Amino acid sequence: MDLVLGVRLFVRGAVTVLRTPRLLLLGAIPALIVSVLYVGALVTLVTWLPDLAATLTPFADGWSETGRSLTRIAAGAAIVAAAGAVAVVTFVAVTLAVGGPFYERLAEIVDDEVGPVPAVRETSWTGSVVRGVRDGLLLVALSLLAAVPLFLLGLVPVVGPVLGPVAAALVGGRLLMIELTAPALQRRGLDFGARRRLLRTRRAATWGVGIPTYLLAAIPFVAIIAIPAASAAATLLARELRGEPIAVA
């Protein structure tokens, strides 16, 4: 039920943003700027993928053509899964760092429209940017640490190419929620560590919002709409996790 609740919160966040041009514009501009940069990085990765797979599997050089090809296909899939997890998380982290004040404003609008906000903590524009960069760096570090086991998982024969992307979506979705719930939870005095602990109390609900966010943010330019929608949904999730009033249609 928590997983279903999370998905419903994501849909509600998307509908809220799409029905309110002001909210969509607030979140779309930073995402568009960063999307252009990441599309260039994606093209570079795809171009060099065969060479990277060969470099990481030198032990297969002397194998049969079939064995070598299958091994390097698995390595390529593992690279894509690990790089995808890092790319999506860092994309959101960079987007929020670039447009931190915009997303904080978006979250505030959604938060205030849903119901009262206890213990509001006001921050300056400069403070928002600095905190966004700091938390973004922590998130990037966590995603890089997660990339190693995700890559190794992707190398497991037969099941690796399937398990790797699934694990990446689970890990990436949770990391995205740590970042996207930041504006709402920081208003309530919760820092990076406190946000992580709070999200652990309702993993299924967190994944219900985080996995759709991860999958949509992985599609170039779809993220321009997905990130504002996820920001609104994460604000609703934050209220739910804190036990604050929220009515889900």
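Every chain's residues receive numbers from 1 upward, in the order its sequence appears when written. Residues qualify for local features only when their pLDDT is at least 70, as the model is predicted, and side-chain atom pairs are given and counted only at 80 or more; totals for whole chains, interfaces and linings, by contrast, use all residues. With hydrogens and water excluded, all non-hydrogen atoms of the structure serve as input to the side-chain values.

Before going further, it helps to examine the overall build of the protein chain. Strands here are runs of E lasting at least two residues and helices are runs of H or I lasting at least four, both read from the DSSP assignment and numbered beginning at the N terminus. Helices and strands together make up the secondary structure of the protein chain, namely 10 helices and zero strands. Order of helices (α) and strands (β) in the protein chain, N terminus to C terminus: α-α-α-α-α-α-α-α-α-α. A 1.4 Å probe rolled over the protein chains alone gives each residue an accessible area, and that area as a share of the maximum for its type sets the label: buried under 20%, exposed over 50%, partly exposed in between. Burial status across the protein chain gives 48% buried among its 249 residues. Should any heavy atoms of two residues lie within 4.5 Å, those residues are counted as being in contact. Nonlocal contacts in the protein chain, meaning residues at least 24 apart in sequence, comprise 81% of its contacts between residues at least 6 apart.

A few words on the layout of surface pockets. Size it by volume and the largest pocket reaches roughly 560 Å³. Looking at the largest pocket, it is lined by 25 residues, and the ones nearest its centre are Leu42, Gly84, Ala87, Val88 and Ala218. Elements with a contribution of two residues or more to the lining of the largest pocket: α2 (21-56), α3 (65-98), α6 (160-180) and α9 (203-217). For the lining of the largest pocket, the element with the highest residue contribution is α2, accounting for eight residues. Throughout, the ten residues Ala, Val, Leu, Ile, Met, Phe, Trp, Tyr, Cys and Pro are labelled nonpolar, Asp, Glu, Lys and Arg are labelled charged, and all others, Gly among them, are labelled polar. Its residues assigned to classes, the lining of the largest pocket comprises 23 nonpolar, two polar and no charged. Detection works on a 1 Å grid of protein atoms alone, calling trapped sets that fit a 1.4 Å probe cavities and calling open sets with protein on both sides within 12 Å along at least five of seven lines pockets, with lining residues defined by an atom within 4 Å of a point. Grid points are joined across faces, edges and corners, and a volume is the space filled by probe spheres set on the points.

This part takes up the UniProt feature "transmembrane region" (unreviewed entry) in the protein chain. As recorded in UniProt, the feature "transmembrane region" (unreviewed entry) lies at residues 23-49, 73-98, 137-156, 162-185 and 205-227. Helix makes up 96% of residues 162-185 and strand 0%, and the two end C-alpha atoms of the span are 34 Å apart. UniProt positions are given in the numbering used here, feature names are shortened, and annotations may be inferred rather than shown by experiment.

Attention shifts here to the side chain of Asp111. One can find Asp111 in helix α4 (residues 100-114). Whenever a nitrogen or oxygen atom comes within 3.5 Å of another N or O atom, the pair is scored as a polar contact, on the condition that within protein one atom can donate a hydrogen and the other can accept it, and that pairs from neighbouring residues in sequence are kept only if both atoms are in side chains. Within the structure, the side chain of Asp111 is placed 2.8 Å from the side chain of Arg239, a separation counted as a polar contact. Contacts of Asp111, omitting those with residues within four sequence positions, involve Val117, Ala184, Arg187, Arg188, Thr235 and Arg239.

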